[in-house]
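# Architecture at a glance
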Amino acid sequence: MSSSDPDSRLLLLMRHGKADSGAGQPDHERRLTDRGHSQAQLVGEYLESQNVRPTRVLVSDAARTRETWEHLLSTMHGFDGTVSLHEDIYNGGTAELAALIRSCADEDAVVMVIGHEPTMSSMVAQLADDDSDAGSVAQARIGLPTGAMGVLSGPLAHWSELTDGSLTLHTIVRP
């Protein structure tokens, strides 16, 4: 995706990689399993192979989402975007997530979010327009497996224009 087209946006919505069951520890502190590490690296390799580089990354402040980003980042040589942690992605729902995305700067044509279920799958399904891949929409409605990422794009001049059904869901990457 070329960031030179000011009216084209790419949104990557990813569920964190597989995490430990968390027995005896707070949910917020759950860490990735070896499989979760691999899932994150595979998604990073996919993005690298597609020459897709987010310029803005919004990450839940939970341990497993931060770890997912770190492993994904290890595959993105020369990444120079902006990353921020958000409690709202962990505690909030689709309304809070949509507000965060709408607040992204216009120059950030490629935005990535790393969060949790059921918010991530709900947001993917909610944003998908009528031209979206039917199988991917069905998967989003069922739920995103760990490490999966929805790839959506659309002709928005500004992120602030993001509304339900305003992007095309092309695929769900399942590592």
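Structure: see above.
Model, not experiment: these values are computed from the prediction. (Residues numbered from 1 in each chain as written. Predicted model: local features only at pLDDT ≥ 70, side-chain atom pairs only at ≥ 80, totals over all residues. Heavy atoms only, no water.)

Below, the discussion takes up the sheet that holds strand E3 (residues 82-86). Taken in spatial order, the 6 strands of this open sheet run E3-E2-E4-E1-E5-E6, and their pairing is mixed. Looking at strand neighbours, the two that pair on one side only are E3 and strand E6 (168-173), the edges of this open sheet. Between one strand axis and the next, the sheet turns by 15° as a mean value, whatever way the strands run. Inspection of the sheet shows strand E2 (residues 56-60) paired to E3 by 5 bridges, in the parallel sense. Bridge pairing in E3 places serine 60 opposite histidine 86. Packing of helix H5 (residues 119-127) onto the sheet brings it into contact with strand E1 (9-15), strand E4 (110-115), strand E5 (149-154) and E6, and relative to E1 it is tilted by some 150°. (Pairing = 2+ DSSP bridges. Helix = DSSP H or I, 4+ residues; strand = E, 2+ residues; numbered from the N terminus. Axes fitted to C-alpha atoms, helices over the stretch in contact; angles between N-to-C directions. Contact = heavy atoms within 4.5 Å.)

Time to look at the side chain of glutamine 139. Take glutamine 139: it is sitting in helix H6 (residues 134-142). Glutamine 139 has contacts with Leu144, Pro145, Ile172 and Arg174, leaving out every residue within four places of it along the chain.

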